[in-house]
Amino acid sequence: MSFADDIALDPEDRADAQRGAVLVAAAIADPEARAPARLREDIEARRAAAHALGRRRRPRWAGALAGLAAAAIAAVLLVVAGPGGSGDPSGPSVAAIARVAALPTSGPAPRPAASTDPFGDPSLAVRVGPVAFPDWEAEFDWSASGVRRSVVGGRDVTTVSYRNPRGVVAGYAIVDGPPLARGAGRVVTLGTTTFVLSTTPGRRTVTWVERERTCVLDAPAAVPVRTLLRLASSRVT
């Protein structure tokens, strides 16, 4: 269930609410951002108000605003996570997967899939178990440019590289097998999906679990946090 499922939104309003959630999450997740206690208290008050709005009929615009408020509340649940967390501690680290995702791909660009994935979104004809790689070209102008298959810490890892119009390349790796232990970073929750944002010199990484597979999106630090979150959360549930 998404953050706006309890609010009567049409598809356009729902998309606006989701975009609002990503923007709020990105703003808060920015390394320069700080959420003071007074702001958190205000958000708690807004959460109660949004819940009350959801219990009674209201015009379409009010529903959209309530959806955005709910999205902001979910996105502001931001903490600094320590190493580990739930997941398979015997598998490779998320940092190791991110390093592999940053490597150049050697295979040809994957073609679009013949049909949309179970989420109803465009996907590529490359998958790891039940998870197909997304086709971001039409919506985000990031085109798949290559693919590579690796073994890291005994796990099969498939990486697809995506290139934007400026020539910036991001690597999206999916790890086969049970979810890995969550690495250190800032945590953003959108809907029912938890994203972990981490940085290394010159790089930004977003990690999440999709259909029981660990997904790692790694890009140069020049790519804004909000862009990475928009890409990673394009199929958020």
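Here is a short report on the structure shown in this document. (Residues numbered from 1 in each chain as written. Predicted model: local features only at pLDDT ≥ 70, side-chain atom pairs only at ≥ 80, totals over all residues. Heavy atoms only, no water.)

So, on to the packing of aromatic side chains. Centre distance and the angle of the planes are the two values used to describe a pair of aromatic rings. In the structure shown here, the tally under the stated rule is six aromatic pairs. Plain terms: the ring middles of W136 and Y162 are 4.5 Å apart, the flat faces sit at 40 degrees to each other, and that makes the pair tilted. Of this pair, W136 sits in the loop between β3 (131-134) and α5 (137-140) while Y162 is found in strand β5 (residues 155-163), placing the two residues 26 residues apart along the sequence. As far as the burial class goes, W136 and Y162 line up, both buried. Between the aromatic rings of Y162 and Y172, the centroid separation amounts to 6.3 Å while the plane-to-plane angle is 35 degrees, which identifies the pairing as tilted. With Y162 in strand β5 and Y172 in strand β6 (residues 169-175), the pair connects residues that are ten residues apart, well separated along the chain. Of the two residues examined, Y162 and Y172, each falls in the buried class. Connected via pairs of aromatic rings, a cluster forms that spans F133, W136, Y162, Y172, F195 and W208. (Phe/Tyr/Trp six-rings, centres within 6.5 Å; stacked < 30°, edge-to-face > 60°. Helix = DSSP H or I, 4+ residues; strand = E, 2+ residues; numbered from the N terminus. Buried < 20%, exposed > 50% of the residue type's maximum accessible area, 1.4 Å probe, protein only.)

Another aspect to go through is the pairing of strand β8 (residues 193-200). Pairing analysis gives five bridges linking strand β7 (residues 185-190) to β8, with the strands arranged antiparallel. In the sheet register, R186 faces β8, and the bridge partner there is L197. What sits between β8 and strand β9 (residues 203-210) in their antiparallel hairpin is a turn of two residues, with G202 showing a positive phi close to 80 degrees. (Pairing = 2+ DSSP bridges.)

Scanning all chains against the criterion turns up two salt bridges. For D176, the salt bridge goes to R213, with nearest N and O atoms at 3.0 Å. Of the two residues, D176 sits in the loop between β6 and β7 while R213 sits in strand β10 (residues 213-220), which places them 37 residues apart along the sequence. Judged by relative accessible area, which is 29%, D176 ranks as partly exposed. Across the pair R203 and D218 runs a salt bridge, and its minimum N-O distance is 2.4 Å. Separated by 15 residues along the polypeptide, R203 in strand β9 and D218 in strand β10 bring together distant segments of the chain. Since its relative accessible area comes to 22%, R203 is described here as partly exposed. (Salt bridge = Lys/Arg side-chain N within 4 Å of Asp/Glu carboxyl O.)

Okay, empty space enclosed by the protein next. In this structure the tally under the stated criterion is one cavity of 30 Å³ or more. Each pocket or cavity is described by its volume, and for the largest cavity that value is around 30 Å³. For the largest cavity, the full set of lining residues is P134, W136, Y172, W208, E210, L231, A232, S234 and R235. Of all elements in the fold, only β9 and α6 (225-232) reach the threshold of two or more residues within the lining of the largest cavity. Considered class by class, the residues forming the lining of the largest cavity number six nonpolar, one polar and two charged. (1 Å grid on protein atoms, 1.4 Å probe; cavity = no way out; pocket = protein on both sides within 12 Å on 5 of 7 lines; lining within 4 Å. Points joined across faces, edges and corners; volume = space filled by probe spheres on them. Nonpolar A, V, L, I, M, F, W, Y, C, P; charged D, E, K, R; others polar.)

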